[in-house]
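The primary structure of each chain is shown beneath.
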Amino acid sequence: MSTDSKYSNWFHPYNVSKKYDKKVAYFSMEFGIHQALKIYSGGLGFLAGSHMRSAYEMKQNLIGVGMLWKYGYYDQARNKDKTLRTDFVEKTYTFLEDTGIEVTVKLHDNPNVKVKAYVLKPEIFGSVPIYLLSTDVEGNDFLSRTITDHLYDANETTRVSQSIVLGIGGAKVVEALGGADRYHLNEGHALPAFYYLKDRGVKKNQMVFTTHTPEKAGNEERDANFLNECGFFGRFLSDTELQNESVNGGKINYTVSALRMAKKANAVSKLHAKVSKEMWKDYDKTCKIIPITNAQNQNFWQDQKLKKAWGNKSDVTFKKRKLQLKSELFDEVLNQTEKLFDPNVLTLVWARRFAGYKRADLLLYDEMRFRQLISNKDYPVQIIWAGKPYPKDFYGIDVFNKLVHYTKHEPNLAVLTGYEMELSRQLKEGSDVWLNTPRITREASGTSGMSAAMNGSVNVSINDGWIPEFEKNNKNSFVLPEQDYTAPVSEQDRLDAENLYDILETKVIPTYYDQPKAWQKIVFKGIDDVLPEFSSHRMADQYYKELFN
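Here's a quick rundown of the structure.

Procedures and definitions
For every chain, the first residue of the written sequence is number 1, and numbering continues from 1 onward in sequence order. Local features in a predicted model are, by the rule used here, given only for residues with pLDDT of at least 70; side-chain atom pairs are given and counted only at 80 or more, and totals for whole chains, interfaces and linings are based on all residues. Side-chain measures here rest on the full set of heavy atoms in the structure, leaving out hydrogens and waters. Throughout this description, buried means an accessible area under 20% of the type-specific maximum (1.4 Å probe, protein chains only), exposed means over 50%, and partly exposed covers the range between. Where helices and strands are cited, they refer to DSSP runs of H or I of at least four residues and of E of at least two residues respectively, numbered from the N terminus. By this definition, two strands are paired if DSSP reports at least two bridges between them. What counts as an axis is a line fitted to C-alpha atoms, over the stretch in contact for a helix, and the angles between N-to-C directions run from 0 to 180 degrees. Here a residue-residue contact requires only that any non-hydrogen atoms of the pair lie within 4.5 Å. With respect to orientation, any angle under 35 degrees is reported as roughly parallel, any angle over 145 as roughly antiparallel, any angle of 65 to 115 as roughly perpendicular, and every other angle as oblique. Should the near helix be turned anticlockwise from the far one by less than a right angle, the crossing is left-handed, and should it be turned clockwise, the crossing is right-handed. Here the term charged refers only to Asp, Glu, Lys and Arg, the term nonpolar to Ala, Val, Leu, Ile, Met, Phe, Trp, Tyr, Cys and Pro, and the term polar to all other amino acids, Gly among them. Take a side-chain nitrogen of Lys or Arg and a carboxyl oxygen of Asp or Glu: if they are within 4 Å of each other, that pair is a salt bridge. Here a polar contact means two N or O atoms within 3.5 Å. Within protein one must be a hydrogen donor candidate and the other an acceptor candidate, and residues neighboring in sequence count only if both atoms are side-chain atoms. Helix span is expected to be 1.5 Å times the residue number reduced by one.

1. Focus on the pairing of strand E1 (residues 24-27)
So, step 1. The alternating pattern of E1 places Val24 and Tyr26 and Ala25 and Phe27 on opposite faces, both of which are buried.
So, step 2. Where E1 meets strand E8 (residues 182-186), 4 bridges bridge the pair, whose relative direction is parallel. By the bridge assignment for E8, valine 24 is matched with arginine 182.
So, step 3. When E1 meets strand E2 (residues 62-67), the two strands line up parallel, connected through 4 bridges. Counterpart to alanine 25 in the pairing with E2 is isoleucine 63.

Given below as structure tokens:
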């Protein structure tokens, strides 16, 4: 075991920039740093990964604290009829370094579960040091070793144990490194860190929090006594203490607790900040919520040749490169679905996590209109869907499989598996249109459209999340008219579907084919407006100025 790692202390391989010299430990359940390091599921991880890359590029004094998932999230494969199959394959990362740091946490009736810290060094993928925790350690019993098996394990007790390992285990690892000036929780998963740190004398003004979920149901809430038995608070709380922490009839709401313990919190878009303030206004002693809009790392996500052509405002070079990127994406379509797509045809992509409210199948709402759309020989279109449902989200899996069956024999429709960082990049580089169709107010930020826009893919979107801060309708994107979010869901779906068909039929498709110059103008305007406002350098800077100050 190597204990001589430079990373057994707080260390960066660069001289920290003066304006970013506060020591910040950033806790996140997932990090999307590179395709090969499969410790992410989707948007939250992509965001954290972009943040870690920008922090490195800007020489910030920040480290990541995360989990080393033995089987990752899951590998998305297919059954013999092409429907979704979830595979769990062990991952072994020889590029991670053993820091020699090992701490223990109390879980349930086991007072000494060992947690080992590995480090992803900056030179590997160009990020700040990220400390990844594992309980798959010799000396731990079988159950303890399995805690870090699966990201977002469906078993409730395991999920709670994961929070304790990330929160308390992570805080102890940071202590071993010499401590931090600020402890930043990216979402509530690592909440036990705040309880533990508070007991250790860490001050309120050292703790900050980012909330991501604009739905009450998406904010974890569990029975206070159950959490107490699990060891969630770092020590056993008395009945009175437990009562003080509880809301909604004896529950601990992770978000409410974090908002009460943090000095300051942020939402991930301006709209989301409004929604969040409204959501939590009835709870006392919560901290201020400011907006810091999510963003993506330009150096990682933007194709360099597209960037150059955009910089020179060269339509010809840009289109040539776009055709090449479309061809590369279509090789993957051919490989997975045996379909030959044409790079000269307008290509729409819907790709993100398959969650019910994101409405992957909205295009199929009116089958007659959809058939007209996909069979118009004068204005041909190609559509690709991709995304991962949670492995136990049976509604999401049903929607995925419905699309698989529907598209199976359609030459210009495809459903791809393996929606991870590499495929995500290919889809953003190779699409002409990036579709975003959540029910309004349900999407906190929805960052995939940012990196799509960086690559000249035009956003066609509901006006939710980050879009209201970006959109100039018909100039840099096409935005659907806003629905009343209090209306019945069936009514919202009907109107959104109608508006989506209208925009595609009357604006998007004719502009692409009949006015190529106007289309290219929209493409370039999209890149102009997404940069630098929605690049993660702005975001990483804003966190230091407004949250860590």
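2. A look at the sheet that holds strand E15 (residues 381-386)
So, step 1. Strand order in this open sheet of 6 strands is E16-E15-E14-E17-E18-E19, and the pairing throughout is parallel. The strands lining the two open edges of the sheet, one partner per strand, are strand E16 (413-416) and strand E19 (477-479). Mean inter-strand twist for the sheet, computed between neighbouring axes without regard to direction, equals 20 degrees.
So, step 2. Two strands pair when backbone bridges link them, and strand E17 (residues 433-436) and strand E18 (residues 458-461) are joined in this way by 4 bridges, in the parallel orientation. Each bridged residue has a counterpart across the sheet, and for leucine 435 the counterpart in E18 is valine 460.
So, step 3. Set on the sheet, helix H12 (residues 315-337) makes contact with strand E14 (346-351), E15 and E16; between it and E16 the angle comes to about 80 degrees.

3. Structural notes on the packing of helix H13 (residues 367-374) against helix H18 (residues 489-514)
The packing of two helices is summarised by the inter-axis angle and the distance between the axes.
So, step 1. Where H13 meets H18, the closest approach of the two axes is 11 Å, and the angle between their N-to-C directions is 20 degrees. In terms of axis orientation, H13 runs roughly parallel to H18. Considering how the two elements wind past one another, H13 and H18 form a crossing that is left-handed. Contacts from Arg369, Phe370 and Leu373 of H13 reach H18 at Glu498, Tyr501, Asp502, Leu504, Glu505 and Ile509.
So, step 2. Split by residue class, the contact of H13 with H18 holds 5 nonpolar, no polar and 4 charged.

4. Things to note about the sheet that holds strand E9 (residues 207-210)
As a general point, the strands of a sheet are linked pairwise by backbone hydrogen bonds and lie either parallel or antiparallel.
So, step 1. Read from one edge of the open sheet, 9 strands run E5-E6-E7-E2-E1-E8-E9-E12-E13, paired in mixed fashion. Among the strands making up the open sheet, the edge pair consists of strand E5 (97-107) and strand E13 (288-291). In this sheet, adjacent strand axes meet at a mean angle of 25 degrees when their direction is disregarded.
So, step 2. Against the sheet, helix H8 (residues 254-261) makes contact with E9, strand E12 (264-267) and E13, and its axis sits at roughly 145 degrees relative to E9, the strand it touches most.
So, step 3. On top of the sheet, helix H20 (residues 536-547) reaches E1, E2, E8, E9, E12 and E13; it is set at about 145 degrees to E12, its chief contact.

5. Examining the pattern of salt bridges
So, step 1. Applying the stated criterion across every chain, the model contains 36 salt bridges.
So, step 2. Between arginine 494 and glutamate 498 there is a salt bridge, with its nearest N and O atoms 3.1 Å apart. Of the two residues, arginine 494 and glutamate 498 are both situated in helix H18; the distance of 4 residues between them amounts to about one turn of the helix.
So, step 3. Since its relative accessible area comes to 31%, glutamate 498 is described here as partly exposed.
So, step 4. Here the residues in one salt-bridge network are Glu156, Arg159, Glu220 and Arg222, joined through shared partners.

6. Comments concerning the environment of glutamate 215
So, step 1. Note on placement: glutamate 215 falls in the loop between E9 and strand E10 (221-223).
So, step 2. Of the residues examined, glutamate 215 reaches a relative accessible area of 18% and is grouped as buried.
So, step 3. Separated by 229 residues in the primary sequence, glutamate 215 and alanine 444 place their C-alpha atoms 8.9 Å from one another.
So, step 4. Filtering out sequence-adjacent residues up to four positions away, glutamate 215 remains in contact with Met279, Tyr357 and Arg442.
So, step 5. Polar contacts involving the side chain of glutamate 215 include one to the side chain of arginine 442, which spans 2.8 Å.

7. Structural notes on the packing of H12 against helix H19 (residues 516-530)
So, step 1. Packing of H12 against H19 leaves a shortest axis separation of 11 Å and a crossing angle of 85 degrees. Classified by the angle between their axes, H12 and H19 sit roughly perpendicular to one another. When H12 is examined against H19, the residues Asp315, Phe318 and Lys319 are found in contact with a partner set consisting of Pro516, Gln520, Val523, Phe524 and Ile527.
So, step 2. Taken together, the residues of the contact of H12 with H19 break down into 5 nonpolar, 1 polar and 2 charged.

8. Points about helix H14 (residues 394-407)
So, step 1. The terminal C-alpha atoms of H14, which comprises 14 residues, lie 20 Å apart, in line with the 20 Å expected from a rise of 1.5 Å per residue.
So, step 2. For H14, the set of buried residues is Gly396, Ile397, Val399, Phe400, Asn401, Leu403, Val404, Tyr406 and Thr407.
So, step 3. Residues of H14 that are buried make contact with strand E3 (75-78), strand E4 (84-87), H13, E15 and E16.

9. Quick word on the side chain of serine 163
So, step 1. Structurally, serine 163 can be placed in helix H4 (residues 156-177).
So, step 2. The exposure class assigned to serine 163 is buried, which follows from its relative accessible area of 2%.
So, step 3. With sequence-adjacent residues up to four places away left out, serine 163 is seen in contact with Met29, Ile168, His189, Ala190, Pro192, Phe232 and Tyr254.

10. Concerning the environment of serine 257
So, step 1. Turning to its location among the elements, serine 257 is positioned in helix H8.
So, step 2. Each C-alpha atom, one on serine 257 and one on tyrosine 7, is 32 Å from the other, the two residues being 250 residues apart in sequence.
So, step 3. Beyond its immediate stretch of four places on either side in the chain, serine 257 contacts Leu191, Tyr195, Glu245 and Ile252.
So, step 4. At a separation of 3.2 Å, a polar atom in the side chain of serine 257 contacts the side chain of tyrosine 195.

Just geometry here; none of it tells us what the structure is for.
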